[in-house]
Amino acid sequence: MITSPGSKHDYRGTTTSNNGTVGPIVNFQDRKFTDVSFAVIYVLSYIAFLATGGYVWSQAHPRHSTDSNGIRTINEYYKEDAAKCCDGGGDVMDYSICFDLNDGNNRRLQAGNSKFNGDEGIFDAFLEAPEIIIGLLSVTIASAIVWILLIRFFSKPVVILTEVAKVAILITVGVQQDSTGAIVIFLLGAVGLIAYDYWTRKQILFAADMMKYSTIAMKANPSILIGSLFVKLLFVLNALFFVTCFAKSFDVAEVVKNESCLTTFDNGVETEICDYSCDFGYPGYVFGIATYLSISYLWTIIFLSQMRLSIIATIVGSWHFHPSNQPGVLIAIMNVGKSFGTLSVSSLIATIAEKINRLLSGGGWKMWLNPFCCVTAPVNLLLCLIGNCFKTIIQMLTKFALILHVFTGKSFLGSAKLVFKIMSRHFK
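Residues numbered from 1 in each chain as written. Predicted model: local features only at pLDDT ≥ 70, side-chain atom pairs only at ≥ 80, totals over all residues. Heavy atoms only, no water.

Another point: the overall build of the chain. The secondary structure content of the chain amounts to 14 helices and four strands. The 428 residues of the chain split such that 33% are buried. If you take every contact in the chain between residues at least 6 apart in sequence, the share linking residues at least 24 apart comes to 67%. A total of about 25700 Å² of accessible surface is found on the chain, and carbon and sulfur atoms cover 68% of it. (Helix = DSSP H or I, 4+ residues; strand = E, 2+ residues; numbered from the N terminus. Buried < 20%, exposed > 50% of the residue type's maximum accessible area, 1.4 Å probe, protein only. Contact = heavy atoms within 4.5 Å. Areas by Shrake-Rupley, 256 points an atom, 1.4 Å probe, with all protein chains shown as cover.)

Structure below.
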């Protein structure tokens, strides 16, 4: 509980009592550097992210190029290696490098008036058709504005209709099933959801009030939008670098010789016939770098999400508890620097929880499509449930700890201890 009955404090800091109560003051003036070691670890990790991504980018060469006649050929970068590989009688079947080297038999991959020659990926399609991106962004912005307006003026009806829609979806899907068992399961799920909504009706309505209050806070503090846009810009730049490097990793290739042997028996004589073909392969380091880029990218987007929460908590907390002494958006952003280490450790813990959830939830189709699915399918559902619950709890606790860090200026561990004391007091 964020309150401070009977304690003395001013606007330069936040007091905490022995029972875990936190003073209603956001510590934005005397914030000190916390969890510096984790800040160093994150910085080194991000430098490695930039270095490995840049190295992949520098080693990327398209496998094919298109000449002035629209013919797809081997890129000049690989032609010498491909010619050496094919000199020994490489297999010249369709789609092999040796076939592509034969200029007289190359295929024209472009169809009709298409802008593409058949060798592009989804990102090339976006570049050729920017209206896709513009359209998606427009729909997203319009949906966000409509949702904010609905929450601002119709928060309770929206929340109630959302729960009604969940029940309706379960019933609709259930009645469309052919199996009686499946119908019973979906209908029981609908009944269970109705019972749960009735049991938690007060909490649901309270959540609606909180959602409405959040829109009021946003209206009263337009600087939230500026801070959020700043973080979104970092999101975009980081995503642009990651997507580009990840896409480039597919163009890091080398010409490899694939040998295949067939053993035959003729009049009791064993004969081994071997042949080989030439094709593109990935260097051994590409998979490792791509894996690291993905994990580091996940850590960064969670880090940026925590950064946004820190900025919003600073602005909204000050507006709610001491409106006469509010920080500007610039101060809220600058305080992120002193909280860099705490943001790093909280996002690292949330990243680990996310990875564990993905490991437990992954490979579901193998659990369902096998002769023992009656045993493996329930195990998969249980693992998914455990993984999602674990991730949700960890993310909730790290966010609570970060908010208390904003108020108290304590390290992540100190803030986490306060979270534990507060939750223990309220869940007795």
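On we go.
Grouped together as the largest cluster of nonpolar side chains are 15 residues, with contacts concentrated most on Val231, Phe303, Leu304, Met307, Ile311, Ile315 and Leu343. Only helix H8 (223–249), helix H9 (284–321) and helix H10 (329–338) provide two or more residues apiece to this core. In this structure leucine 304 touches Val231, Leu234 and Phe235, once residues within four positions along its chain are discounted. Grouped together as the second largest cluster of nonpolar side chains are 13 residues, Val26, Phe28, Ala313 and Val406 included. (Core = buried A, V, L, I, M, F, W, Y, C linked by side-chain atoms within 4.5 Å.)

Below, the discussion takes up the packing of helix H5 (residues 130–175) against helix H7 (residues 201–220). At a closest axis distance of 9 Å, the pairing of H5 and H7 adopts a crossing angle of 170 degrees. Looking at the two axes, H5 sits roughly antiparallel to H7. Together, Trp147, Ile148, Ile151, Arg152, Ser155, Lys156, Val159, Ile160 and Glu163 of H5 and Ile204, Leu205, Ala208, Asp209, Met211, Lys212, Thr215, Ile216 and Met218 of H7 make up the contact between the two elements. Partitioning the contact of H5 with H7 into residue classes produces 11 nonpolar, two polar and five charged. (Axes fitted to C-alpha atoms, helices over the stretch in contact; angles between N-to-C directions. Parallel < 35°, antiparallel > 145°, perpendicular 65-115°, else oblique. Nonpolar A, V, L, I, M, F, W, Y, C, P; charged D, E, K, R; others polar.)

All right, on to H5 then. Its 46 residues give H5 an end-to-end C-alpha distance of only 42 Å, which falls more than 12% under 68 Å, the value for a rise of 1.5 Å per residue. Phenylalanine 154 marks the point of greatest bend in H5, at about 110 degrees, and the proline proline 157 comes within the next four residues. Within H5, burial applies to Ile151, Ser155, Val158, Val159, Glu163, Val167 and Gly174. (Expected span 1.5 Å × (residues − 1). Bend = angle between axes of the 7 residues up to and from the residue.)

Let us look at the packing of H9 against helix H11 (residues 340–361). Packing of H9 against H11 brings their axes to within 8 Å, and their N-to-C directions diverge by 130 degrees. Comparing their axes, H11 and H9 come out oblique. Every pair of crossing elements has a handedness; the one defined by H9 and H11 is right-handed. Where H9 abuts H11, its residues Ile295, Leu298, Trp299, Ile302, Phe303, Gln306, Met307 and Ser310 lie against Phe340, Leu343, Ser344, Ser346, Ser347, Leu348, Ala350, Thr351, Glu354, Lys355 and Arg358. For the contact of H9 with H11, the residue count by class is 10 nonpolar, six polar and three charged. (Left-handed = near helix turned anticlockwise from the far one by under 90°.)

Once that is clear, we can look at the packing of aromatic side chains. All chains considered together, the criterion is met by 16 aromatic pairs. A centroid spacing of 5.1 Å and a plane angle of 75 degrees characterise the contact between tyrosine 78 and phenylalanine 280, whose relative ring orientation is edge-to-face. Here tyrosine 78, found in helix H2 (residues 76–86), pairs with phenylalanine 280, found in strand S4 (residues 269–281); they are 202 residues apart in sequence, far enough to count as distant. Each member of the pair, tyrosine 78 together with phenylalanine 280, is buried. Among the aromatic residues, ring-to-ring pairing joins Tyr42, Tyr46, Phe49, Phe241, Trp299, Phe303 and Phe340 into one connected group. Stacked on the ring of phenylalanine 235, the Lys or Arg lysine 232 has its end atom at 5.3 Å from the ring centre. (Phe/Tyr/Trp six-rings, centres within 6.5 Å; stacked < 30°, edge-to-face > 60°. Lys NZ or Arg CZ within 6 Å of the ring centre and 35° of its normal.)

Our focus in this paragraph is the side chain of aspartate 197. Tracing the backbone through its elements, the reader meets aspartate 197 in helix H6 (residues 180–199). Setting aside chain neighbours within four positions, we find aspartate 197 in contact with Glu163 and Ile204.

With that settled, the discussion passes to unusual backbone geometry. We note that aspartate 35 has phi near 50 degrees; this positive angle belongs to a residue other than glycine. Residue placement: aspartate 35 occurs in the segment before helix H1 (36–59). By relative accessible area, aspartate 35 is classed as buried at 18%.

Moving on: a nonpolar patch on the surface. Residues Ile132, Ile133, Leu136, Leu137, Ile141, Ile145, Val146, Trp147, Leu149, Leu150, Phe153 and Phe154 make up a contiguous nonpolar surface patch of about 1100 Å² in total accessible area. Residue isoleucine 141 is classed as exposed on the basis of its relative accessible area of 52%. (Patch = residues over 30% accessible without salt bridge, like charges linked within 9 Å, V, L, I, M, F, W, Y side chains within 5 Å. Salt bridge = Lys/Arg side-chain N within 4 Å of Asp/Glu carboxyl O.)

Here we come to the confidence of the model for the chain. Looking at the chain, pLDDT values average 80 and 80% of them are 70 or higher. Looking over the chain, one finds the lowest element-wise mean pLDDT in helix H12 (residues 364–368), namely 58, and the highest in H1, namely 94. Below a pLDDT of 50 lies the segment residues 90–94, which in the model reaches 10 contacts outside its immediate sequence neighbourhood of four places, other chains included. Considering only residues more than four positions removed or in separate chains, one finds that residues 104–112, a stretch of pLDDT under 50, has 17 contacts. (pLDDT = per-residue confidence, 0-100.)

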